[in-house]
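Listed below are the residues making up each chain.
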Amino acid sequence: MTDRLQEALDRIRPDVRAAHAYAVQPSAGVVKLDIMENPFRLPPELQRALGERLGAVAINRYPAERTAELASALREHAGVPPEVGITLGNGSDELISLLTLAVAQPGAAIVSPVPSFVIYEMCARHQRLDFVGVPLRADDFELDEAAMLAAIEQHQPALVYLSYPNNPTGNLWSAASIERIVAAAPGLVVMDEAYQPFASGDSLALMARHPHVLVMRTMSKFGLAGVRIGYLLGAKALTDEIEKLRPPFNISVLNAEAALFALAHAEVYAAQAATLRAERERVFAALQALPGIAPWPSQGNMILARVRDAAATFAALKARGVLIKNVSAAHPLLANCLRITIGTPDENTRLLAELPQCLS
């Protein structure tokens, strides 16, 4: 390494240099059940229609009115009135970054149950904020309401994240506990509904009752993970402040057009979600019947399960051409846990055929 390169590296924050980038497993040639994508592609006729539509987009122009039209369409799709505020992100990851930046004042804290979505903590650390992770109950991954309320009382967080359903555990937490946590929170409460298409409930009524509650959603689980569209709903006074931090052209014209096309064919994606919900229950029942694995019920498009040796099971499945996620190192409560994304019926059948030989 040259002296000049070392000098340049020395200008980068030590905590950044000590951190690790978010890792994505290579997946060529395997059944990909590791990252909670919708496994279904559009039917060929819709693929052709989308291609023609994207081909007509004026990619020589910056995004402008089309982004505003997408925001309006997403508000309508969510079923909220026009006066509800909305801001768009390049996926929900960018919205989490913007929310963290918005509250990044000296002494500010962010509270979230753990284990949950790792980006909450990552963004808090990037802004040098205190991140307070409150462990879930070990037996059922339900909120520890008393501990959450104590953390709120002690730290007076600027921001509380509640993932609903939670990643990676897949459960919807107690509505009564959430109501009391929301009432106690002095700052923003963000209900992260990334998996809402697969869940039996949502937080829109909660948002209507509490003006400091924001609902965050993504089109990734809707079926557009490659398009990267996230959106944040809530009181306009709050979303207007987040909007000030949003890069002016963060949603490309191609992404906006693809998202508008998908919303115009929402019934196709709704049918895909219904298939995935049915497949989730089929896979869950099959896992329950297998010795050596203990799954938890899920309201997402994934199932968390504990095995005797997560590393060995993960490696054996990968060797047989099925890629899932080993989350056992993410938090002590996840010891020897695997997270299995729900795939197509054929992919799920393949998983269930290979898994018994991989359980130690």
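Worth saying up front: this structure is predicted, and the values here are computed from it rather than measured.

(A) Examining empty space enclosed by the protein more closely. Per the stated rule, a full pass over the model turns up one cavity of 30 Å³ or more. In this model, the largest cavity occupies a volume close to 50 Å³. In terms of residue class, the lining of the largest cavity is built from four nonpolar, one polar and three charged.

(B) Local environment of the side chain of Thr 344. Within the secondary structure, Thr 344 sits in the loop between β13 (337-341) and α15 (345-354). Other than its neighbours up to four places away in sequence, Thr 344 contacts Pro 39, Phe 40 and Glu 279.

(C) Geometry of the side chain of Arg 246. You can see Arg 246 is positioned in the loop between α11 (236-243) and α12 (253-264). Of the residues examined, Arg 246 reaches a relative accessible area of 16% and is grouped as buried. Here the side chain of Arg 246 touches Glu 243 through a polar contact of 2.6 Å, side chain to side chain. Setting aside residues up to four positions removed in sequence, Arg 246 forms contacts with Thr 87, Leu 88 and Leu 98.

(D) Representation of helix α13 (residues 266-289). The end-to-end C-alpha distance of α13 is 35 Å, a good match for the 34 Å that 24 residues give at a rise of 1.5 Å each. Buried within α13 we find Ala 266, Tyr 269, Gln 272, Ala 273, Leu 276, Glu 279, Arg 280, Val 283, Phe 284 and Leu 287.

(E) Quick look at the layout of surface pockets. Size it by volume and the second largest pocket reaches roughly 380 Å³. Around the second largest pocket sit 20 residues that line it, and Leu 42, Leu 50, Gly 223, Val 227 and Tyr 269 are the ones nearest its centre. Residue assignment for the lining of the second largest pocket shows that the elements contributing at least two residues are α3 (44-55), α10 (220-224), α12 and α13. Counting residues per element, the lining of the second largest pocket draws most heavily on α12, which supplies five residues. Grouping the amino acids of the lining of the second largest pocket by side-chain chemistry returns 13 nonpolar, six polar and one charged.

(F) Main features of the nonpolar core. Membership of the largest hydrophobic core comes to 60 residues, with the highest contact counts inside it found for Leu 70, Leu 74, Leu 162, Ile 178, Met 191, Met 219 and Leu 233. Per element, the largest residue contribution to this core is seven residues, and it comes from α12. With 31 residues, the next largest nonpolar core counts Val 31, Phe 284, Leu 338 and Leu 351 among its residues.

(G) Looking closely at the sheet that holds strand β2 (residues 85-89). Read across the sheet, seven strands follow the order β2-β8-β7-β6-β5-β3-β4 without closing on themselves; strand pairing throughout is mixed. Taken across any chain shown, the strands that pair with only one partner, and hence form the sheet edges, are β2 and β4 (130-135). Each adjacent strand pair in this sheet contributes to an overall mean axis angle of 20°, direction not counted. Bridge count between strand β5 (residues 159-163) and strand β6 (residues 188-192): five bridges; the pairing is parallel. In the strand pairing of β6, Tyr 161 is matched with Val 190. Contacts between α11 and the sheet are confined to β2, β6, β7 (213-218) and β8 (230-234), with β2 contributing the most and set at about 30° to the helix.

Rules behind the numbers
- Residues numbered from 1 in each chain as written.
- Predicted model: local features only at pLDDT ≥ 70, side-chain atom pairs only at ≥ 80, totals over all residues.
- Heavy atoms only, no water.
- 1 Å grid on protein atoms, 1.4 Å probe; cavity = no way out; pocket = protein on both sides within 12 Å on 5 of 7 lines; lining within 4 Å.
- Points joined across faces, edges and corners; volume = space filled by probe spheres on them.
- Nonpolar A, V, L, I, M, F, W, Y, C, P; charged D, E, K, R; others polar.
- Helix = DSSP H or I, 4+ residues; strand = E, 2+ residues; numbered from the N terminus.
- Contact = heavy atoms within 4.5 Å.
- Buried < 20%, exposed > 50% of the residue type's maximum accessible area, 1.4 Å probe, protein only.
- Polar contact = N/O pair within 3.5 Å; in protein donor to acceptor, adjacent residues only side chain to side chain.
- Expected span 1.5 Å × (residues − 1).
- Core = buried A, V, L, I, M, F, W, Y, C linked by side-chain atoms within 4.5 Å.
- Pairing = 2+ DSSP bridges.
- Axes fitted to C-alpha atoms, helices over the stretch in contact; angles between N-to-C directions.

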